[in-house]
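# Notes for the structure review
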Amino acid sequence: MTLRVWLWLLSLSVLWGGSFFFAKVAIGELGPFTVVFARVALAALALALFVPLRRDAPWPTYFAMGFLNNALPFSLIFWGQTEIAVGVASILNATTPLFTLIVAHVLTSDEKINGTKVTALLIGLLGVVVLIGPDVLVGGSALWAQAACLAAALSYAFAGVYGRRFRRMGIAPTEAAAGQVTASAVLILPVMLIVERPWLLPAPPSPTVCLALAGLALLSTALAYVLYFRILAAAGATNLLLVTLLIPIPAILLGAVVLGEQLEPRQFAGMALIGLGLVVIDGRIAGRLRAAK
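First things first, this report covers the structure right here in the doc. In this text, all values refer to a predicted model and were calculated from it rather than measured experimentally.

Rules and cut-offs
Residues numbered from 1 in each chain as written. Predicted model: local features only at pLDDT ≥ 70, side-chain atom pairs only at ≥ 80, totals over all residues. Heavy atoms only, no water. Patch = residues over 30% accessible without salt bridge, like charges linked within 9 Å, V, L, I, M, F, W, Y side chains within 5 Å. Areas by Shrake-Rupley, 256 points an atom, 1.4 Å probe, with all protein chains shown as cover. Salt bridge = Lys/Arg side-chain N within 4 Å of Asp/Glu carboxyl O. Helix = DSSP H or I, 4+ residues; strand = E, 2+ residues; numbered from the N terminus. Buried < 20%, exposed > 50% of the residue type's maximum accessible area, 1.4 Å probe, protein only. Contact = heavy atoms within 4.5 Å. Axes fitted to C-alpha atoms, helices over the stretch in contact; angles between N-to-C directions. Parallel < 35°, antiparallel > 145°, perpendicular 65-115°, else oblique. Left-handed = near helix turned anticlockwise from the far one by under 90°. Nonpolar A, V, L, I, M, F, W, Y, C, P; charged D, E, K, R; others polar. Polar contact = N/O pair within 3.5 Å; in protein donor to acceptor, adjacent residues only side chain to side chain. Core = buried A, V, L, I, M, F, W, Y, C linked by side-chain atoms within 4.5 Å. Phe/Tyr/Trp six-rings, centres within 6.5 Å; stacked < 30°, edge-to-face > 60°. Lys NZ or Arg CZ within 6 Å of the ring centre and 35° of its normal.

Here we come to a nonpolar patch on the surface. A grouping of Leu 189, Val 191, Leu 193, Ile 194, Val 195, Trp 199 and Leu 200 is seen on the molecular surface, where their side chains present a nonpolar patch of about 660 Å² in accessible area. In this structure, Trp 199 sits in the loop between helix 10 (173–195) and helix 11 (207–240). The exposed category is assigned to Trp 199, whose relative accessible area is 54%.

Encoded structure:
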């Protein structure tokens, strides 16, 4: 990759890592469904300024993708973050490529699991076990919060496989992004109104929360999608996978420096194992080692 693409990749990891921080700040005053709606609705408005949707837009496909890639996983992660730290949520989110291996093996004919991928899955699974650790025995809200983040990663995996159809349909990536966040806003709106009724809040959101919502929508969603598709076009999906390794770093730093969160050694150990699993999936380091022999 060129230096410019590397800068895009690092910028995207900061934007997506920052989304966990922005969400944590916002859910301090607002319900998770309200934060999800604000994120996708504001992002949809921002993208609509640059990517007008076609009159014959495939809305059923957008709604399916919006549910799998935005409405469901965002809701699960933001609810999970009411109980767990920013860094833990971002580490669990890094399991998305591991889940994608399983989903793609079952649902596609050209992405089957081989010996290398099995090794990656086992390493990543061990990382999840180490990360969650004794919470399994204790139970409680923290365990369910971590399970919600893992379920979100599984939803992203289904979205990744489902999203392959956009290329076959001849839909530009940026148009697909605008369509799915628009559909997501429509999907989450009634849930937010019924479950959280944000108009009953005792006070309007503070300026800090408003800034967090703006950052979540405009930086971590609208701008992040633009960078995402630029990297995909310039460097391909394999190089884009590297961002998954990088996202927890800014998330952990923001959580520690700004919010005063601290992770336990087992959580760092779990992150290291999950990261090793992703490195095995990527394959480039192993390939260079074999070539050096």
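Here the narrative resumes.
What follows covers the environment of Ile 274. Note on placement: Ile 274 falls in helix 14 (residues 265–282). Residue classification places Ile 274 among the buried residues on the basis of a relative accessible area of 1%. It is 8.1 Å that separates the C-alpha atoms of Ile 274 and Ile 91, two residues lying 183 residues apart in sequence. Among residues more than four places away in sequence, those in contact with Ile 274 are Ile 91, Ala 94, Thr 95, Gly 124, Gly 127, Val 128 and Leu 131.

Running from N to C, helix 3 (residues 59–80) and helix 8 (residues 141–162) cross one another at 160 degrees; their axes reach a closest spacing of 8 Å. Considering the angle they form, helix 3 stands roughly antiparallel to helix 8. Crossing angle aside, the handedness with which helix 3 passes helix 8 is left-handed. Here the residues of the contact of helix 3 with helix 8 sort into 21 nonpolar, 4 polar and no charged.

With that out of the way, let us pick up the pattern of salt bridges. Scanning the entire structure with this criterion turns up 3 salt bridges. A salt bridge links Asp 56 to Arg 54, with the shortest nitrogen-to-oxygen separation between them at 3.5 Å. Taking the relative accessible area as the measure of exposure, Arg 54 reaches 35% and is therefore partly exposed. In this structure, the salt-bridge partner of Arg 54 is Glu 175, at a minimum N-O distance of 3.1 Å. Residue Arg 54 is found in the loop between helix 2 (32–48) and helix 3, and its partner Glu 175 is found in helix 10; the two are separated by 121 residues along the sequence. Overall, the relative accessible area of 10% leaves Glu 175 in the buried class. One network of salt bridges, with partners in common, ties together Arg 54, Asp 56 and Glu 175.

Here we take up the side chain of Ser 13. Examined against the element boundaries, Ser 13 turns out to sit in helix 1 (residues 3–26). On the accessibility criterion, Ser 13 (4% relative accessible area) is buried. In this structure the side chain of Ser 13 is engaged in a polar contact, spanning 2.7 Å, whose partner is the backbone oxygen of Leu 10. If sequence neighbours within four positions are ignored, Ser 13 has contacts with Val 243, Leu 246, Ile 247 and Pro 250.

For the rest of this paragraph, the subject is the nonpolar core. Counting residues in each nonpolar core, the largest one holds 60 residues, and the members touching the most others are Leu 12, Val 35, Phe 78 and Ile 231. Per-element tally for this core: the top contributor is helix 1, with 12 residues. Beyond its immediate sequence surroundings of up to four residues, Leu 12 is in contact with Ala 224, Leu 227, Tyr 228, Ile 231, Leu 240 and Val 243. Ranked by size, the runner-up nonpolar core spans 11 residues in total, among them Ala 43, Ala 46, Tyr 225 and Phe 229.

Summed over the entire model, instances satisfying the criterion amount to 6 aromatic pairs. On the numbers, 5.4 Å between centres and 80 degrees between planes, the contact of Trp 59 with Tyr 62 is edge-to-face. Of this pair, Trp 59 and Tyr 62 both sit in helix 3, 3 residues apart, roughly one helical turn. In this structure Trp 59 comes out as partly exposed when scored by relative accessible area, which is 30%. The class for Tyr 62 is buried, based on a relative accessible area of 0%. Plain terms: the ring middles of Phe 74 and Phe 78 are 6.1 Å apart, the flat faces sit at 15 degrees to each other, and that makes the pair stacked. With Phe 74 and Phe 78 both in helix 3 and 4 residues apart, the pair spans about one turn of that helix. Each member of the pair, Phe 74 together with Phe 78, is buried. For Arg 39, the ring lying beneath its charged end belongs to Phe 74, and the centroid distance is 3.9 Å.

Their axes nearest at 9 Å, the elements helix 2 and helix 3 cross at an angle of 135 degrees. With respect to their mutual orientation, helix 2 and helix 3 come out oblique. Between helix 2 and helix 3 lies a crossing whose hand is right-handed. In contact with Pro 32, Phe 33, Val 35, Val 36, Arg 39 and Val 40 of helix 2, helix 3 contributes Asn 70, Ala 71, Phe 74, Ser 75, Phe 78 and Trp 79. Of the residues that constitute the contact of helix 2 with helix 3, the class distribution is 9 nonpolar, 2 polar and 1 charged.

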